[in-house]
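# A structural walkthrough
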Amino acid sequence: MQSSAQQEPQIRPQRIHNDEDALLMQVALKEAKKGDGKTSPNPIVGALIARDGKILSKGFHSHAGGPHAEIEALSHLASPFAAQGATLYVTLEPCSTHGKTPPCTQAIIDAGIGRVIYGATDPNPFHQGRADKILSEAGIEVVTGVLKKECQELNKYWNHRMQTGLPWVIAKYGMSLDGRISSFPGRRWITSEKSRRDAMRLRAQGGANFVGGGTIRHDDPALTIRGLSKKKKLFSQPWRIVWSRSGDIPRSAQVLTDAQCAKTIVLKQMSLHRALQDIGARGISSVLIEGGGYTLGEAFDHQLVDEVRLYVAPILIGGPVLAVGGMGLGDGISGLTSVSYRRLGEDLVISGLVKNFPHKSLPEK
């Protein structure tokens, strides 16, 4: 007889999922979306526990520092023994380390769960795949990648920050047909009311709204959420980031004096890339750059933009203020993929993901 050290390793059976697993993961995805916009700096996650295709309980991560989705689902079971041999469905790989809450992997093992199915792997390299190993060693069958694309899309911004240390950057601007973002005297708005309302929804969904110091000095914007709903707390105020090389920000600026001033961060005397690193380190996963032309130019020059939302109004303005300034991309260009076009009143809205082509890097200033 061979010693244990000489025995051939056991081959784990192929772990597969079926149509029923996919249908139940769709329920977990819907559960996760209940926490959308409420969990920063954490991802949104949904979970459910089922036996023989019947859902026993559901849960979602509702706020940072609160119970994770798996723990919520376990707590909603009819009895402490109902989890024995049941299947746990969760949109994101269960956590395996102790943070603000204990590791979910241990709670899953203690509850007697027999099978764990999760959609997306944790992109954090310190956690990636650890749950699979821990749960498998505890005798729990683990199936991964069920509705993987949908589960990854659920936390697109968070995934990007985990992998790069930078927030997902959306460049949003409204401009005239001749590419201007500053209207002539006597006209306050370039784009239509419908476009501005759509842009306000985009502002409400982001982690932070970002402008350069020049925009604060010249326009004094509030960067608040307005006119979307009469229901309080439906939209929370995102962070307001002011990036200023000079640090010359008027003390009377609205973002520094209004009721939301605690949600304002001023970043001084650093490159745009360094400012975005600072934002990512604060746990902010997405940034909406709203201006001005110089700041947008810097973002495109250094290939820091991930997505574009452009509102084009059918007017001609002229004047010196271009929508995107900067030094230019040199011998490279940026284009859009996954492009969509739609009309809002008389305006055209163009959205897409940025595809950067290689070019000689510009020096950080």
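Use the structure listed above.
The structure displayed is predicted, hence computed values, not measured ones.

The next subject is the overall build of the protein chain. Within the protein chain, the regular secondary structure consists of 11 helices and 13 strands. Here the protein chain holds 365 residues, and the buried ones make up 47% of them. In the protein chain, the share of contacts with a sequence separation of at least 24, taken over all contacts with a separation of at least 6, comes to 73%. Carbon and sulfur atoms make up 52% of the accessible area of the protein chain, which amounts to about 19400 Å² in all.

Residues Met25, Ile49, Leu74, Leu88, Ile108, Ile113 and Val116 are the most contacted members of the largest nonpolar core, which totals 39 residues. Among the nonpolar cores identified, the runner-up in size contains 30 residues, and Ala171, Ile265, Leu296 and Val305 belong to it.

Sheet faces and side chains relate simply in a regular strand, where the side chains alternate between the two faces. In the sheet, strand E4 (residues 115-120) pairs with strand E5 (residues 141-144) via four bridges, with the strands oriented parallel. Across the sheet, residue valine 116 finds its bridge partner in E5, namely valine 142. Each parallel crossover has a hand, and the one from E4 via helix H4 (residues 130-137) to E5 is right-handed.

Before going further, it helps to examine empty space enclosed by the protein. Enumeration according to the criterion identifies one cavity of 30 Å³ or more in this entry. In this model, the largest cavity occupies a volume close to 30 Å³. Lining the largest cavity are Thr91, Leu92, Ala120, Cys151, Gln152, Asn155 and Asn159. Counting only elements with at least two residues in the lining of the largest cavity, the list comes to strand E3 (87-92) and helix H5 (148-154). Considering only residue class, the lining of the largest cavity consists of three nonpolar, four polar and no charged.

This part covers the packing of aromatic side chains. One pass over the structure, following the stated rule, counts three aromatic pairs. Judged by centre distance (6.4 Å) and plane angle (35 degrees), the rings of phenylalanine 210 and tryptophan 243 are tilted. On the criterion of sequence distance, the pair formed by phenylalanine 210 in strand E7 (residues 208-212) and tryptophan 243 in strand E8 (residues 239-244) is long-range, its members being 33 residues apart. Of the residues examined, phenylalanine 210 reaches a relative accessible area of 0% and is grouped as buried. Owing to a relative accessible area of 2%, tryptophan 243 belongs among the buried residues under this scheme. Pairwise contacts between aromatic rings join Phe210, Trp243 and Tyr294 into one cluster. The aromatic ring of tryptophan 239 is capped on one face by lysine 263, whose charged end is 4.5 Å from the ring centroid.

Definitions and cut-offs
- Residues numbered from 1 in each chain as written.
- Predicted model: local features only at pLDDT ≥ 70, side-chain atom pairs only at ≥ 80, totals over all residues.
- Heavy atoms only, no water.
- Helix = DSSP H or I, 4+ residues; strand = E, 2+ residues; numbered from the N terminus.
- Buried < 20%, exposed > 50% of the residue type's maximum accessible area, 1.4 Å probe, protein only.
- Contact = heavy atoms within 4.5 Å.
- Areas by Shrake-Rupley, 256 points an atom, 1.4 Å probe, with all protein chains shown as cover.
- Core = buried A, V, L, I, M, F, W, Y, C linked by side-chain atoms within 4.5 Å.
- Pairing = 2+ DSSP bridges.
- Right-handed = clockwise from strand over helix to strand, strands pointing away.
- 1 Å grid on protein atoms, 1.4 Å probe; cavity = no way out; pocket = protein on both sides within 12 Å on 5 of 7 lines; lining within 4 Å.
- Points joined across faces, edges and corners; volume = space filled by probe spheres on them.
- Nonpolar A, V, L, I, M, F, W, Y, C, P; charged D, E, K, R; others polar.
- Phe/Tyr/Trp six-rings, centres within 6.5 Å; stacked < 30°, edge-to-face > 60°.
- Lys NZ or Arg CZ within 6 Å of the ring centre and 35° of its normal.

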